[in-house]
Amino acid sequence: MAGENILVTGATGFIGSSLMRLLARQGYQARAYSGRMNDPLRLRQELEGIEIVYHLASAERRGRRRLLQHVDVEGAERLVEESRRARVGQLIVVSRLNTDPNSHYPLLRAKGEMERLIWRSELSYTIVRSATVFGLHDRFLNVIAGLSAWTWPFVVLPGGGKTPFQPLWVEDLARCLVQILDRPDLRGEIVEIAGEERIRFADLAQLIMRTVGMQRIPVPVDLRLLRPTNRLLMSWWPYPPVTPFFMDLFSQSDIAPVDSVLRTFGFRPNRLIDNLGYLRRPGLRRYLFRR
Ligand SMILES: NC(=O)c1ccc[n+]([C@@H]2O[C@H](COP(=O)([O-])OP(=O)(O)OC[C@H]3O[C@@H](n4cnc5c(N)ncnc54)[C@H](OP(=O)(O)O)[C@@H]3O)[C@@H](O)[C@H]2O)c1
């Protein structure tokens, strides 16, 4: 399939840039979508002649419900309409575990609404529901490590640190996404994937602290206390390091079967413990305040 025209939304993001690199390395002609999701004319122009769309654009990191609705839900609606018009052959979409259009949590609800728009359309699709992803520019492990520098001598454990996570290495997610191009059996499917290590947040925080060489006292804090504090401190920030959606990640287990990648994609994902070196880089604290 290496001659097909591919368009990638959200190509400049954390996962999108890994995907673009891998597609290029494997000889695919992939172009980054350069407009905004709610610009139908631009979408129409850029979808011309496109056979496959990877959809990764999202306002998740901005932490604003209105933007989430605008980009993740209404943007997906525009994309579906214009993809239908352009007769796109396949839509490959990155979503999250636990999505549900009736969820109490805005991010999971928006992703659920997005998924529903896609599976109700007549387009051929594959939806990949991924666990939280880690890698050089992630906004999970980097945030925990960076914030701990400010909360000395403590590390905060939202919700008591009991939530289980199964982080997936960003390049492994990209590898799964590229494999889908040659997997007609995954058309019309919703695939759930995660890494192979299931770890409670309290243990994950300890692992991060060990990796970055910080000694911190773990302090369990109830989410009912953290949410308003976070709103107070971060609501004026255009790109807040910790958003309400980030907090919501601690409300539900972020897990899938431990062999999910192996079973569906035939390879074993990279281990968390072997790939945390990026957390030791200098300037991590400044990273928190990047756009
Ligand atoms: N990161 C994770 O752990 C994780 C886990 C599971 C699923 N996901 C999902 O995977 C997808 C990609 O996540 P990510 O972490 O790579 O996100 P990200 O780093 O925040 O990237 C988001 C991308 O969307 C683009 N974007 C935002 N608003 C847009 C708009 N109005 N029109 C067009 N493009 C827009 C951004 O471009 P600009 O910078 O130009 O705005 C950026 O390229 C999201 O749907 C996310 O929910 C992420």
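Preceding block: the structure.
In this text the structure is predicted, and so the values were computed from the model without any measurement.

Attention now goes to the site of the ligand. In the vicinity of the ligand, 23 residues are found, and the nearest of them are Gly10, Gly13, Ile15, Ala57 and Ser58. For the shell around the ligand, the elements supplying multiple residues, two or more each, are helix H1 (14–25), helix H3 (65–85) and strand E4 (90–96). Ranked by the residues each element gives to the shell around the ligand, the list is headed by H1, at three residues. The class makeup of the residues in the shell around the ligand is ten nonpolar, nine polar and four charged.

Another aspect to go through is the nonpolar core. Ranked by size, the top nonpolar core spans 77 residues in total, and within it Val8, Ile118, Leu177 and Ile193 carry the most contacts. For Ile118, the residues in contact, after removing those within four places along its chain, are Ala76, Val80, Leu91, Val93, Tyr125 and Ile127.

Structurally, the position occupied by Phe201 is in helix H7 (residues 201–212). Judged by the 22 C-beta atoms lying within 10 Å of it, Phe201 falls in the buried class. Along the sequence, Phe201 and Pro158 sit 43 residues apart, while their C-alpha atoms lie 8.4 Å from each other. In this structure Phe201 touches Leu157, Gly161, Thr163, Phe165 and Phe250, once residues within four positions along its chain are discounted.

Before going further, it helps to spend a moment on the environment of Ser260. Summarising the element assignment, Ser260 is placed in helix H10 (residues 260–265). Using a count of 24 C-beta atoms within 10 Å as the deciding quantity, one classes Ser260 as buried. Each C-alpha atom, one on Ser260 and one on Val191, is 8.8 Å from the other, the two residues being 69 residues apart in sequence. If we skip the residues at most four places from it in the chain, Ser260 touches Glu192, Ile193 and Ala194.

Before going further, it helps to examine the packing of H1 against helix H6 (residues 170–179). To describe two helices that pack against each other, one gives the angle between their axes and the distance between the axes. The interhelical angle for the contact between H1 and H6, taken along N-to-C directions, is 55°, at an axis separation of 9 Å. Classified by the angle between their axes, H1 and H6 sit oblique to one another. Judged by the twist between their axes, the crossing of H1 over H6 is right-handed. Touching Phe14, Ile15, Ser18, Leu19, Leu22 and Leu23 of H1 are Val170, Glu171, Leu173, Ala174, Arg175, Leu177 and Val178, all from H6. Partitioned by chemical class, the residues of the contact of H1 with H6 number ten nonpolar, one polar and two charged.

Conventions we followed
- Residues numbered from 1 in each chain as written.
- Predicted model: local features only at pLDDT ≥ 70, side-chain atom pairs only at ≥ 80, totals over all residues.
- Near = placed C-beta within 6 Å.
- Helix = DSSP H or I, 4+ residues; strand = E, 2+ residues; numbered from the N terminus.
- Nonpolar A, V, L, I, M, F, W, Y, C, P; charged D, E, K, R; others polar.
- Core = buried A, V, L, I, M, F, W, Y, C linked by C-beta atoms within 7 Å.
- Buried ≥ 20, exposed ≤ 12 C-beta atoms within 10 Å, placed from the backbone.
- Contact = placed C-beta atoms within 7 Å.
- Axes fitted to C-alpha atoms, helices over the stretch in contact; angles between N-to-C directions.
- Parallel < 35°, antiparallel > 145°, perpendicular 65-115°, else oblique.
- Left-handed = near helix turned anticlockwise from the far one by under 90°.

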